[in-house]
Amino acid sequence: MFANKEEFKYTFLQRLEMVYGKRFSESTALDQYHTLGNMIREHISNHWIQTNERNRAEHKKQVYYLSIEFLLGRLLGSYLMNLGIRDVVEEGLKELGIQLRDIEEVETDAGLGNGGLGRLAACFLDSLASLDLPGHGQGIRYKHGLFDQKIVNGYQVELPEQWLRHGNVWEVRKEDLAIEVNFWGKVNVYTENGRLKFHHIDAEKVMAVPYDMPVIGYDTKTVNTLRLWSAEPAKFPMNKNVMQYKRETEAISEFLYPDDANDEGKILRLKQQYFLVAASIGSIVREYRNRYGHLKDFHQHVAIHINDTHPVLAIPELMRILLDEEEMSWEDAWYITTNTISYTNHTTLSEALEKWPVYIFKPLLPRIYMIIEEINERFCRNLWERYPGDWKRIEEMAIIAHGLVKMAHLAIVGCHSVNGVAKIHSEILKHREMKRFYEYFPEKFNNKTNGITHRRWLLKANPELATLVTEAIGTGWIKHSEQLIELKRYATDASFKEELAHVKMKRKAILAKLICEKTGIAIDETSIFDVQVKRLHAYKRQLLNVLHIMYLYNRLKADPNFTIYPRTFIFGAKASPGYHYAKRIIKLIHSLAEKVNHDKQIKGQLKVVFLENYRVSLAEKIFPAADVSEQISTASKEASGTGNMKFMINGAVTIGTMDGANIEIFERVGSDNIFIFGLTAEEVLHYYENGGYHSYEYYHHDQRIQQVVNQLVNGFFHDAYDHFEPIYDSLLAQNDQYFVLRDFASYVEAQEKVGTAYEHQEKWLEMSAINIANSGYFSSDRTIREYARDIWNIHE
Ligand code: 26V
């Protein structure tokens, strides 16, 4: 089918006409996309079947990565690339008068995630398959992914996302493999043959129907599976309003992160979490029983990884099966469960640490709650033995306390491994956030610094740069990212640097064109492209970036002799729908853009652009064009960051704080090839613990700060009246929790250095090349090898 161009063209045309019942000349890009999709699925189905057969025959240990988010983005392009058939398809289509790129553009992103955690899951799937490891994803098939962002008059408006509107060519519905999930009802406890028995009765049943998607590795025969679960009505209950039951059931897989401000929302979130877990564990166990008959050696053949605490109910759910269905002793069940499951923490922000009220939890999941109570009791008893009389510590560490179930505590107690996602983050977990747990279970804690799939983020997203890299060092880097280090010797090679400059210019021109189409803003392609793209959050400090731009603008206005190297500041960010502060920052960026972009007096030295609806497919167009990567979170707050790695591999130079993985980037490229500023994590944490920071003093003593902060409320932004008052208050009245004013001067200084460095193009290109050369470490292949070796104990 894809052996050569002619064969491809023949099959493609035949299929298209057969399936759509129309002539090729009348077909739309969408018809063509679906035809191509179906051909690819057919093409890989043999490998998919064989991978599963091989896994069974060889009794290979299987890994299941449970995640509430999978931010896959578009799939066509990466399938073509990984299968090595992109050229044949592209050329074949060209002869038919079609651009492959146009077909790729009709695919809607699979945006079943929010940010870093979900994209990491997607990168991990790529690396697992590419390394020939038997690792599969399990998640929820949300009907609507993360909302579509529209900007209206500078304000964010959210629209439901509709990725399934035209169907999903990559999935296979497997109704025969559905799993029944139980909610509500009560538990009958009785004794039979001297054993306590638990019978869950009057439960409301929901059917979990799996949709399988193939995960194709790069240049391998492995095809793993991403299984996404959809909630459907089971048998309609007699005693309930049928419509209500249908609505409530389908709501489970309707939206990613439904608003949980009220109890109704909280119930839905908890339902989603248990739904994912019960369906996943149910199907894993069923398959295992079919193969091995019993679950005694389960942990030797299965590893289950939970991506943050959202799937932490995997612990009590597996216990339930081993206790109630397999009739194991508590000790045996606990041994198997804890040796099967492992956990990654992705944030220390307290608002993201999940705690569920008992009054919601207990009625919704009565048997699961009983098991958690038992886990908690046994754990607290052990603590009492170890720390007799230390009530305070036990209360602090308990899984259930003050009417709340603490999901992170359950995860640490019930897993054999707990890891953070960058060195500093893992250290903060051990010595601060989870200090008590580290003292008790030191052997469980470890670090796995995040990574990205360099195939999507360089080979696919930036073919121009990929070609240049390959011309210099050969193709080995595609499978062995560490070989990128060989580029180091080209960092001083004039002709390589010239080519590098050329590639960057080309990518900047592409982005400039897109910006003009989307926003109407004409930008100077030769200006510095200074980019901050990520979720909008106070700790990520988009505000610091904005205040710096305001300061530059003020200076340019005040002093006609002051000039800067022209800069284009590019933003992309979605704010959580209920996060009003973040939404005001989006408006602020727009108000600033309005002001700056139309001011003739500054002679085009500054431009501000906000790109709407930031998502994976847009990110793939932004990273290749960036000169400067903004990684400016308050030190200690960003667990790792992975955008920083995507910029780096595309040759952007970082301006950033010593936070998350920035620190490890700094360690690799050295202080000459990164712009570091601001407080260190230790200094920030010291302030938090001992006080001593008074933002007003910085405001008072620094004219520049005073001016920009005042401008938030003095009518400078006349289109927004008092809209920015809460931002003003956060900086002064609320004493600037994220140290924006504290780091301002240091940031300005670092930005000046960036500007100067860019003027020395030769040196800048050397920095850029050194960043690319050192990015190999940040491949998710390296991360996954570490998980496989240290946590999952699996082998290729
Ligand atoms: C929490 C919440 C709470 C409110 C509702 C929506 C929502 C969604 C997600 C989360 C957990 C966020 C955790 C997260 O995404 N952490 C990011 O993980 C990346 C991968 O490890 C890491 O690079 C980022 O630094 C970290 O912020």
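Everything numeric here is computed off the predicted structure, so don't read it as measured data. (Residues numbered from 1 in each chain as written. Predicted model: local features only at pLDDT ≥ 70, side-chain atom pairs only at ≥ 80, totals over all residues. Heavy atoms only, no water.)

Participant: Sorry if this is basic, but what is going on with a nonpolar patch on the surface here?
Facilitator: Taken together, the side chains of Val152, Val157 and Leu159 make up a nonpolar region of the molecular surface, amounting to roughly 210 Å² of accessible area. Of note, Val152 is situated in strand β5 (residues 148–152). The class of Val152 is partly exposed, set by a relative accessible area of 48%. (Patch = residues over 30% accessible without salt bridge, like charges linked within 9 Å, V, L, I, M, F, W, Y side chains within 5 Å. Areas by Shrake-Rupley, 256 points an atom, 1.4 Å probe, with all protein chains shown as cover. Salt bridge = Lys/Arg side-chain N within 4 Å of Asp/Glu carboxyl O. Helix = DSSP H or I, 4+ residues; strand = E, 2+ residues; numbered from the N terminus. Buried < 20%, exposed > 50% of the residue type's maximum accessible area, 1.4 Å probe, protein only.)

Participant: Honestly, the side chain of His136 in this entry has me stumped. Any pointers?
Facilitator: Structurally, the position occupied by His136 is in strand β4 (residues 135–140). Other than its neighbours up to four places away in sequence, His136 contacts Asn55, Gln62, Val63, Tyr64, Tyr65, Leu125, Asn224 and Thr225. (Contact = heavy atoms within 4.5 Å.)

Participant: In this structure, what is going on with the pattern of salt bridges? I would like to understand it.
Facilitator: Two side chains carrying opposite charge are able to pair once their charged atoms lie near each other. The tally for this structure, following the rule as stated, stands at 62 salt bridges. The partner of Arg74 in a salt bridge is Asp109, and the shortest N-O contact between them spans 3.8 Å. On the criterion of sequence distance, the pair formed by Arg74 in the loop between β2 (70–73) and α3 (76–83) and Asp109 in the loop between α5 (100–105) and β3 (110–112) is long-range, its members being 35 residues apart. The same class applies to Arg74 as to Asp109, namely buried. As a salt-bridge pair, Lys621 and Glu105 come within 3.1 Å of each other at their nearest N and O atoms.

Participant: Would you explain the packing of helix α10 (residues 314–325) against helix α13 (residues 366–386) in this entry?
Facilitator: The packing of two helices is summarised by the inter-axis angle and the distance between the axes. As a packed pair, α10 and α13 sit with axes 9 Å apart at the nearest point and diverge in direction by 95°. Looking at the two axes, α10 sits roughly perpendicular to α13. Residues Ile315, Pro316, Glu317, Met319, Arg320, Leu323 and Asp324 of α10 touch α13, and the partners they reach there are Arg367, Ile368, Ile371, Ile372 and Ile375. (Axes fitted to C-alpha atoms, helices over the stretch in contact; angles between N-to-C directions. Parallel < 35°, antiparallel > 145°, perpendicular 65-115°, else oblique.)

Participant: Help me out: how do you make sense of the site of the ligand in this one?
Facilitator: Lining the immediate environment of the ligand, one finds 17 residues, of which His346, Asn450, Glu638, Ser640 and Gly641 sit closest. Taking Ser640, its main chain carries an N or O atom lying 3.0 Å from an oxygen atom of the ligand. Protein contact buries 82% of the 590 Å² of open area that the ligand shows by itself. In terms of residue count, the dominant contributor to the shell around the ligand is helix α6 (residues 116–130) (three residues). Taken together, the residues of the shell around the ligand break down into seven nonpolar, seven polar and three charged. (Near = heavy atom within 4 Å. Polar contact = N/O pair within 3.5 Å; in protein donor to acceptor, adjacent residues only side chain to side chain. Nonpolar A, V, L, I, M, F, W, Y, C, P; charged D, E, K, R; others polar.)

Participant: Just to check I follow, could you spell out helix α2 (residues 29–57) for this structure?
Facilitator: What sets the pattern is the α-helix's 3.6 residues per turn: residues three or four places apart point alike. Spanning 29 residues, α2 covers 42 Å between terminal C-alpha atoms, matching the ideal 42 Å at 1.5 Å per step. The sharpest bend along α2 comes to roughly 40°, located at Ile44. His59 sits one or two residues past α2 and shows a positive phi near 50°. (Expected span 1.5 Å × (residues − 1). Bend = angle between axes of the 7 residues up to and from the residue.)

Participant: Would you explain the nonpolar core in this entry?
Facilitator: Most often, soluble globular proteins keep nonpolar side chains buried together rather than apart. Formed by 139 residues in total, the largest nonpolar core has its most connected members in Phe12, Phe275, Phe298, Leu313, Phe361 and Trp792. With twelve residues, helix α8 (residues 263–292) is the largest single contributor of residues to this core. Beyond its immediate sequence surroundings of up to four residues, Trp792 is in contact with Lys61, Val63, Tyr65, Leu128, Ala303, His305, Ser342, Ile784 and Tyr787. (Core = buried A, V, L, I, M, F, W, Y, C linked by side-chain atoms within 4.5 Å.)

Participant: I'm lost on the UniProt feature "modified residue: N6-(pyridoxal phosphate)lysine" (unreviewed entry) in the protein in this one. Help?
Facilitator: Here, UniProt's "modified residue: N6-(pyridoxal phosphate)lysine" (unreviewed entry) annotation points to Lys646. As for its position among the elements, Lys646 is in helix α24 (residues 643–649). Every residue in contact with Lys646, bar those within four places of it in the chain, is listed here: Arg119, Ile452, Trp457 and Phe623. (UniProt positions renumbered as here; feature names shortened; annotations may be inferred.)

Participant: Teacher, can you tell me more about the sheet that holds strand β20 (residues 528–533) here?
Facilitator: The pairing of strands in a sheet comes from backbone hydrogen bonds and takes either a parallel or an antiparallel form. Here we have six strands laid out as an open sheet, ordered β22-β21-β20-β23-β24-β25, and parallel in their pairing. Looking at the sheet topology across the chains shown, the edges are occupied by β22 (606–610) and β25 (675–676). Two elements, β20 and strand β23 (residues 628–631), share two bridges in a ladder whose sense is parallel. From the neighbouring strand, Val531 faces β23, where its bridge partner is Ser629. Contacts from helix α21 (residues 542–558) reach β20, β21 (567–572), β22 and β23, with the element oriented near 155° to β21. (Pairing = 2+ DSSP bridges.)

Participant: Got a minute to help me understand the pairing of strand β9 (residues 186–192) in this structure?
Facilitator: The side chains of a regular strand alternate, first on one face of the sheet and then on the other. For β9 and strand β10 (residues 195–201), the ladder comprises seven bridges, and the chain directions are antiparallel. Bridge pairing links Asn188 to His199 in β10. Between β9 and β10, which pair antiparallel in sequence order, lie two residues; one of them, Asn193, sits at a positive phi of approximately 45°.

Participant: Whenever I open this one, the sheet that holds strand β15 (residues 355–357) confuses me. Can you help?
Facilitator: The strand order across the open sheet built from three strands is β15-β17-β16, with neighbouring strands paired in antiparallel fashion. Pairing within the sheet leaves two strands with one partner each, and these edge strands are β15 and β16 (400–401). Strand contacts of helix α15 (residues 407–414): β15 and β17 (404–406), with the helix running at about 45° to β17, the strand carrying the most contacts.

Participant: Where do I start with the packing of α8 against α10 in this structure?
Facilitator: It is the contact of α8 with α10, at a shortest axis distance of 9 Å, that shows an interaxial angle of 45°. Put simply, α8 runs oblique to α10. Pair α8 / α10 crosses with right-handed handedness. Counted together, Tyr274, Val277, Ala278, Ile281, Val285 and Arg289 of α8 and Ala314, Glu317, Leu318, Arg320, Ile321 and Glu325 of α10 form the full contact between these two elements. (Left-handed = near helix turned anticlockwise from the far one by under 90°.)

Participant: How do you make sense of helix α28 (residues 703–711) when you look at a structure like this?
Facilitator: Looking only at α28, the buried set comprises Ile705, Val708, Val709 and Gln711. The buried residues of α28 occupy an angular sector of 160° when the element is viewed end-on, so they sit on one face. Buried residues in α28 make contact with α21, α27 (695–701), α29 (725–731) and α30 (740–759). (Arc of directions from axis to C-beta.)

Participant: Can you help me understand the packing of aromatic side chains in this one?
Facilitator: Think of a pair of aromatic rings as described by two things: how far the centres are apart, and how the planes are tilted against each other in angle. Per the counting criterion, the structure on display carries 37 aromatic pairs. With a centroid separation of 5.8 Å and an interplanar angle of 20°, the aromatic rings of Phe2 and Phe8 are classed as stacked. The pair Phe2 / Phe8 is uniform in exposure class, with both members buried. Both rings, one in Phe677 and one in Tyr747, keep their centres 4.9 Å apart while their planes meet at 45°; by these two values the pair is tilted. Taken together, the positions of Phe677 in the loop between β25 and α26 (681–690) and Tyr747 in helix α30 put the pair 70 residues apart, joining distant regions of the chain. What makes Phe677 buried here is its relative accessible area of 3%. The exposure class assigned to Tyr747 is buried, which follows from its relative accessible area of 0%. Taken together through their ring pairs, the aromatic side chains of Phe379, Tyr387, Phe437, Tyr440 and Phe441 make up a single cluster. (Phe/Tyr/Trp six-rings, centres within 6.5 Å; stacked < 30°, edge-to-face > 60°.)

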